[in-house]
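Each chain is listed here by its residues.
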Amino acid sequence: MFRRNGSTCVATFAVDEVRVLRKVAGEVVGLLTDGMDHTDPVVSRLFPDIYPDRPDDSEEFRLYTEGDLKTGKIDQAGAILAALPDEGEGEVRLDGEAAEAWLRAINDARLAMGTRLDIQADTDLGAELDDAVLHDPGSSRVFQLSVYAYLGYLQESLLNALPEIE
């Protein structure tokens with residue numbers, strides 16, 4: 001997937017990969033721009049209470065920080081959308097700053113998907129996917145678990161391709 005080329009991280013994406021990445025990044029943007037609902041577990045995961053035992057303090061902290069955090073997350077997802085080909089397959093070249101934005105956006109997408117899919121720290125993703133395939137190979141859960149796994153692979157390849165900081 002991603003490989004280092006000098007100070008740049010480079011990957012070539014197939015048509016289906018471009019579609020999936022555009023959809024995932026677009027869904028993160030949509031989640032953050034369509035009137036965020038703090039009772040939504042995904043929103044709570046992306047914007048956790050800083051003081052879980054003190055809701056008033058958490059609310060005050062959110063008041064001062066959430067706008068910038070939300071803007072940052074939208075911009076990071078936008079970095080994925082901006083770098084991908086408009087349609088079809090294509091190559092993506094990321095400098096260090098763009099690669100870091102991609103990593104943060106992929107992480108947000110995985111947190112969101114993991115919350116929706118009820119993925120826990122001790123979840124065996126391979127076993128979960130095998131079980132989903134056995135129950136209904138054409139289910140949306142199989143597709144979503146596959147995308148979640150793909151994003152993990154993509155994230156790892158990008159981390160490994162990052163140039164070392166001097």
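Residues numbered from 1 in each chain as written. Predicted model: local features only at pLDDT ≥ 70, side-chain atom pairs only at ≥ 80, totals over all residues. Heavy atoms only, no water.

### Describing the packing of helix H5 (residues 125-135) against helix H6 (residues 140-161)
Between H5 and H6, the shortest axis-to-axis distance is 9 Å and the interhelical angle comes to 155°. Regarding the angle of H5 to H6, the classification is roughly antiparallel. In the packing of H5 onto H6, the handedness of the crossing is left-handed. Residues Leu 125, Glu 128, Leu 129, Ala 132 and Val 133 of H5 pack against Arg 141, Val 142, Leu 145, Ser 146, Tyr 148 and Ala 149 of H6. Here the residues of the contact of H5 with H6 are counted per class, giving eight nonpolar, one polar and two charged. (Axes fitted to C-alpha atoms, helices over the stretch in contact; angles between N-to-C directions. Helix = DSSP H or I, 4+ residues; strand = E, 2+ residues; numbered from the N terminus. Parallel < 35°, antiparallel > 145°, perpendicular 65-115°, else oblique. Left-handed = near helix turned anticlockwise from the far one by under 90°. Contact = heavy atoms within 4.5 Å. Nonpolar A, V, L, I, M, F, W, Y, C, P; charged D, E, K, R; others polar.)

### Comments concerning helix H1 (residues 15-33)
Compared with an ideal rise of 1.5 Å per residue, which puts 19 residues at 27 Å, H1 spans 27 Å between its outermost C-alpha atoms and is within 8% of the ideal. Buried residues of H1: Val 18, Val 20, Leu 21, Val 24, Ala 25, Val 28, Gly 30 and Leu 32, and no others. Gly 35 sits one or two positions beyond H1 and adopts a positive phi of about 65°. (Expected span 1.5 Å × (residues − 1). Buried < 20%, exposed > 50% of the residue type's maximum accessible area, 1.4 Å probe, protein only.)

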